[in-house]
Amino acid sequence: MGRREDIEELHEFRIEFRRIGSDFPSTRHFNCVSADAARDMFLFVCRKEDIEAEIVSMEVWNRWADRWETPAELVENDAELVS
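Now for a quick tour of the structure. Keep in mind that this is a model prediction, so the values were computed, not measured.

As for helix α1 (residues 35-48)
So, point 1. The end-to-end C-alpha distance of α1 is 20 Å, a good match for the 20 Å that 14 residues give at a rise of 1.5 Å each.
So, point 2. Those residues of α1 that fall on the buried side of the exposure criterion are Ala-35, Ala-38, Arg-39, Phe-42, Val-45 and Cys-46. The arc that holds the buried residues of α1, viewed along the axis, is 120°, so those residues lie on one side. Facing away from the buried side of α1 by over 90 degrees, the exposed positions are Arg-47 and Lys-48.
So, point 3. Downstream of α1 by a residue or two, Asp-50 has a phi angle that is positive, lying close to 55°.

Following this line, the structure appears as structure tokens:
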């Protein structure tokens, strides 16, 4: 059995998006190891369901503080997704 340090921790990500041509926001939740993985899963779902959408914001659930927060990697890489 592997050591505990080798296991990557899953985080819950909330992605708010708008379908192209719509004014109404929608939300999807993903359990992933990183914000990049959550975005990749979202894009996969959009391709699979033939949805054209733009991401409005992405947040990660901080279970210790009991609140949604902006993922650190988004602050560094994707300033337009930081709300």
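The structure having been displayed, the exposition proceeds.
Observations concerning the packing of aromatic side chains
So, point 1. Evaluated as defined, the whole model comprises three aromatic pairs.
So, point 2. Between Phe-17 and Phe-42, the ring centres sit 5.0 Å apart and the planes meet at 55°, which makes this aromatic pair tilted. On the criterion of sequence distance, the pair formed by Phe-17 in strand β1 (residues 11-19) and Phe-42 in helix α1 is long-range, its members being 25 residues apart.
So, point 3. Phe-17 gets classed as buried once you look at its relative accessible area, which sits at 4%.
So, point 4. Taking relative accessible area as the criterion, Phe-42 reaches 2% and is therefore assigned buried.
So, point 5. Measuring from centroid to centroid gives 5.1 Å for Trp-61 and Trp-68, while their planes differ by 65°, and the two rings are edge-to-face.
So, point 6. Its relative accessible area of 29% is what places Trp-61 among the partly exposed residues.
So, point 7. In this structure Trp-68 comes out as partly exposed when scored by relative accessible area, which is 23%.

Parameters at a glance
- Residues numbered from 1 in each chain as written.
- Predicted model: local features only at pLDDT ≥ 70, side-chain atom pairs only at ≥ 80, totals over all residues.
- Heavy atoms only, no water.
- Helix = DSSP H or I, 4+ residues; strand = E, 2+ residues; numbered from the N terminus.
- Expected span 1.5 Å × (residues − 1).
- Buried < 20%, exposed > 50% of the residue type's maximum accessible area, 1.4 Å probe, protein only.
- Arc of directions from axis to C-beta.
- Phe/Tyr/Trp six-rings, centres within 6.5 Å; stacked < 30°, edge-to-face > 60°.

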